[in-house]
Amino acid sequence: MLRVLHLTDPHLFADKDGSLRGAVTHASLSSVLEHYRNNDWLADVVVVTGDLVQDDSWEAYDHFRVLLAELDLPVYCVPGNHDVLPLMRDALSEPPFFYCDYTERDNWLIIGLDSYVGDQAGGSVSSDELARLDQTIAESDAAHVMVCLHHPPVDMGSTWLDSVGLDNGDDVLDRMAASGKVRLAVSGHVHQAYDAEHDSIRIITTPSTCRQFAVGSDEFAVDDNPPAYRRIELHDDGNHETGLIWVEPAE
Ligand SMILES: [Fe+2]
């Protein structure tokens, strides 16, 4: 079995005291990592689905590296709409970090897709990226695939969020389904939890390690849910289980 720790949308600043709508993002990511470390569920791989930084700074990426390197695990990352691609690629150019890369373990292929389009909150997966997905799956001996991308390929039922979703979500879903091997896709971006099957593929989103968006809201709105992370267990036979962990602030 392969255990995956899914973290998303940390929105770090150069200033460790920087806050996003009331959440000090460095402290809240630290609290999530501390919760993971203080429990006996141990991951084999970490997946981070974008929006690593909030203020376009190199220092924020450096904070991310320092915090995540402490886990002593491979960290697979894809960009979100708040990322700065040249900085992100540079910051994640060496192990334990991997940028839009893939790994094969225990009969599973985990692959990160780029859905960044630049200067807009919504996303799209290019035809080159979809071709890379097809090719990587075709060349892999793994029977099962988990895809990671920032923007989920389905609507959340939230008017404002769905207006900044994935442009070609249906194409991406079709392509994943056509492979016959993609079992699940995990995303961030929506700062809330979602878990449903579409075309036999389980689509999962995980709330942010900082502030969450109100579920089902027509207008932009945050809620009072705490930081979160997700545990994903991938079994050799293709079965998978996940558990969402909310990290309540210390009393
Ligand atoms: Fe985000």
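About the thresholds
- Residues numbered from 1 in each chain as written.
- Predicted model: local features only at pLDDT ≥ 70, side-chain atom pairs only at ≥ 80, totals over all residues.
- Heavy atoms only, no water.
- Helix = DSSP H or I, 4+ residues; strand = E, 2+ residues; numbered from the N terminus.
- Buried < 20%, exposed > 50% of the residue type's maximum accessible area, 1.4 Å probe, protein only.
- Contact = heavy atoms within 4.5 Å.
- Pairing = 2+ DSSP bridges.

## What about the environment of Tyr 36?
For Tyr 36, the position within the fold is in helix H1 (residues 25-37). Taking the relative accessible area as the measure of exposure, Tyr 36 reaches 6% and is therefore buried. Sequence separation of Tyr 36 and Trp 108 is 72 residues, and the distance between their C-alpha atoms is 23 Å. Contacts of Tyr 36, omitting those with residues within four sequence positions, involve Leu 5, Trp 41, Leu 42, Ala 43, Leu 71, Leu 73 and Tyr 229.

## Remarks on the pairing of strand E1 (residues 2-7)
Within E1, 5 of the 6 residues are buried, which leaves the element mostly enclosed by the surrounding structure. Here E1 pairs with strand E13 (residues 228-234) via 5 bridges, running antiparallel. When the sheet's bridge partners are listed, Leu 2 is paired in E13 with Leu 234. Relative to strand E4 (residues 45-49), E1 is paired through 4 bridges, and the arrangement is parallel. In the sheet register, Leu 7 faces E4, and the bridge partner there is Val 48.

## Focus on the side chain of Thr 103
Tracing the chain through its elements places Thr 103 in strand E7 (residues 102-105). Excluding anything up to four places from it in sequence, Thr 103 contacts Tyr 76, Trp 108, Leu 109 and Ile 110.

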